[in-house]
Amino acid sequence: MVARPAAGRRRAALTAVSTLVLTAVPAVAAAGPPHAARPAPAARTIGAEHAPPEVLRALQRDLRLTAGQAAARLANEAEAGPRAGRLHNALGARFAGAWVTGRTSAGLTVATTDAADVPAIRAEGAQAAVVTTPLSGLLALKDDLDEAAGRVRTAQTPVWYVDVRANRVVVQATSRSAANAFIEAAGAQAKGIGIRVSAERPRPTKDIVGGDAYYIDAVARCSVGFSVTKAEQQGFATAGHCGRAGSTTTGFDDTDQGVFQASVFPGKDMAWVGVNSDWTATAAVRAAAGTTIQVSGSVQTLVGASVCRSGSTSGWHCGTVEQHDASVSYPDGPVDGLTRTTVCGELGDSGGSFVAGTQAQGVTSGGSGDCTSGGTTYFQPVNTLLEEFGLTLKTAGATGTPAPQQGASTDSWAPGRVYEVGETVSFSGVDYQCLQNHQAQSTGSPEVASSLWQRS
């Protein structure tokens, strides 16, 4: 839905933030090449070691944590990511998902389809869950549902997602009969698919600091996601349903701002706006009480981890990641590959920033409920958006703006390229395997970023 500002109220609408036998997990190499720098701890690599106070305070408020628990949670989540990545790579086709648990995310659980993997999982400091379906099987099942959504109406089945904690795909529907009809249309077997009956109907929350308001063609309001660049063009990432390519934007101060360069909705919910010379891209995202935090990367966080959102209507709120790779059927059509969270959201927050610590996660898509009664909000993962449009995320401390090197050899590590868990690259004559989804930063080469890469 579009947030339509009344005359003279635009300024007031801005709210302050706003996927063989394993005998053991391969050990991390004891030493790198002679010139390699000492790897940094995971928490330091992704910026969780010194979390912004605005993130810590919001976590305390929304997750009911003490200051110590909030700091411990971010540190534990940062350390859990590379451990999960190493096990993902080691288990291969038997891997069935990973998630963190506990008030401070001190527990890491990794699922496998083979009980013989349990000792290796425990050796990595994680709990083991032995399940029946690998993650690849769950994703294939969800693919069937995604394909069916292009052929049948899904108004009564607005949400479906992979739930790794339950080792199943879930269809959320207004009735069990509607869910069963959708599952049948997909030709999917009921085994492995759960049904959740709910009246929830997510909708786009339409309405160059992340979270600030902007206006589309002078009739609708959305929120800035993250500053990005493409060659010499500066701009910002936002939601696709906010505007189409060619739509013009004005900023929170009612001055001319830019033009939508590309937009995809439905299917995905992603867009980016190229701004004019009056606007400058920054790494900032607006947080509480008029403060900002500085984005340092885009390392994807795990299911169960904490996440915060900034939007121009409801401001700065936190919650947890419930599922990755959720599909939502909006009135305009289904959108795939979203992340489902417990963070609240309201009209006008669309396009706004989702962060985990200082790591960019995605742009607000839509949801249900509000920040008074609570709700569910979905975001479009930012790494998918960056890769789709060939953009570079603006980050703190970056000395330059490396362009995504799409034409470079896929065997060589390159800043600006988006990497997924399991991808292998070469750097300084050594092969490394990716541990966590991220866009490579110039300061995060494989030889020093041990939370993102392991030597093959």
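In this report, we go over the structure that sits alongside the text.

**What to know about the sheet that holds strand β10 (residues 226-230)**
Strands sit in the order β9-β8-β12-β13-β14-β11-β10-β23 across an open sheet of 8 strands; the sheet is antiparallel. Taken across any chain shown, the strands that pair with only one partner, and hence form the sheet edges, are β9 (220-223) and β23 (392-393). Taken together, the 4 bridges between strand β8 (residues 213-216) and β9 define a ladder with antiparallel strand orientation. Residue pairing in the sheet places Tyr214 in a bridge with Cys222 of β9. Where helix α8 (residues 382-389) meets the sheet, it contacts β10, β11 (233-238), β13 (256-264), β14 (270-275) and β23, and its direction lies at approximately 60° from that of β14.

**Describing the pairing of strand β3 (residues 127-130)**
Bridge count between strand β2 (residues 107-112) and β3: 4 bridges; the pairing is parallel. Within the sheet, the bridge partner assigned to Ala111 lies in β3 and is Ala129. Chirality of the crossover, the property in question, places the unit of β2, helix α5 (residues 118-123) and β3 among those that are right-handed.

**Concerning the nonpolar core**
With 45 residues, the main nonpolar core has Leu108, Val110 and Val171 as its most contacted residues. Looking at this core, the elements with two or more residues in it are α4 (67-91), β1 (95-101), β2, α6 (135-149), β4 (159-163), β5 (168-173), α7 (176-185) and β6 (193-197). Counting residues per element, this core draws most heavily on α6, at 7 residues.

**Regarding the pattern of salt bridges**
Enumeration according to the criterion identifies 12 salt bridges in this entry. Residue Arg61 pairs with Asp62 through a salt bridge whose shortest N-O separation is 2.7 Å. Exposure remark for Asp62: the relative accessible area of 27% places this residue in the partly exposed category. In the salt-bridge network here, residues are joined through shared partners; they are Lys142, Asp146 and Asp325.

**Quick look at the packing of α6 against α7**
As a packed pair, α6 and α7 sit with axes 8 Å apart at the nearest point and diverge in direction by 95°. With respect to their mutual orientation, α6 and α7 come out roughly perpendicular. Contacts from Leu145, Ala148 and Ala149 of α6 reach α7 at Phe182, Ile183 and Ala185. Looking at side-chain class alone, the contact of α6 with α7 contains 6 nonpolar, no polar and no charged residues.

**So, the sheet that holds β3**
On the basis of which strands lie adjacent, the open sheet formed by 3 strands has the order β1-β2-β3 and mixed pairing. Of all the strands in the sheet, the pair left with one neighbour each is β1 and β3. For this sheet, the mean inter-axis angle between neighbouring strands, taken without regard to orientation, is 20°. Pairing analysis gives 5 bridges linking β1 to β2, with the strands arranged antiparallel. Counted as the bridge partner of Thr101 is Gly107 from β2.

**A word on the packing of aromatic side chains**
With the rule as written, the count across this model stands at 8 aromatic pairs. Plain terms: the ring middles of Trp413 and Phe427 are 5.4 Å apart, the flat faces sit at 90° to each other, and that makes the pair edge-to-face. Of the two residues, Trp413 is situated in the loop between β23 and β24 (418-419) and Phe427 in strand β25 (residues 424-427); the sequence distance between them amounts to 14 residues. In this structure Trp413 comes out as buried when scored by relative accessible area, which is 11%. Here a set of aromatic residues connected by ring pairs shows up, and it is made of Tyr214, Phe236 and Phe260.

**Some details on the environment of Gln69**
For Gln69, the position within the fold is in helix α4. What makes Gln69 partly exposed here is its relative accessible area of 24%. Beyond its immediate stretch of four places on either side in the chain, Gln69 contacts Arg64, Arg103 and Thr104.

**Quick look at the state of the cysteines**
Counted according to the given criterion, the structure contains 3 disulfides. One disulfide in the model links Cys308 with Cys318; its S-S distance is 2.0 Å. Measuring the twist about the S-S bond at about 95°, one finds the Cys308-Cys318 disulfide to be right-handed. With Cys308 in strand β17 (residues 306-311) and Cys318 in strand β18 (residues 315-330), the pair connects residues that are 10 residues apart, well separated along the chain. You'll find Cys308 and Cys318 in the same group, each marked buried. Cys344 shares a disulfide with Cys371; S-S distance 2.0 Å. Here the S-S torsion is close to 95°, and the disulfide linking Cys344 with Cys371 is therefore right-handed.

Thresholds, definitions, all that
Residues numbered from 1 in each chain as written. Predicted model: local features only at pLDDT ≥ 70, side-chain atom pairs only at ≥ 80, totals over all residues. Heavy atoms only, no water. Pairing = 2+ DSSP bridges. Helix = DSSP H or I, 4+ residues; strand = E, 2+ residues; numbered from the N terminus. Contact = heavy atoms within 4.5 Å. Axes fitted to C-alpha atoms, helices over the stretch in contact; angles between N-to-C directions. Right-handed = clockwise from strand over helix to strand, strands pointing away. Core = buried A, V, L, I, M, F, W, Y, C linked by side-chain atoms within 4.5 Å. Buried < 20%, exposed > 50% of the residue type's maximum accessible area, 1.4 Å probe, protein only. Salt bridge = Lys/Arg side-chain N within 4 Å of Asp/Glu carboxyl O. Parallel < 35°, antiparallel > 145°, perpendicular 65-115°, else oblique. Nonpolar A, V, L, I, M, F, W, Y, C, P; charged D, E, K, R; others polar. Phe/Tyr/Trp six-rings, centres within 6.5 Å; stacked < 30°, edge-to-face > 60°. Disulfide = S-S within 2.5 Å.

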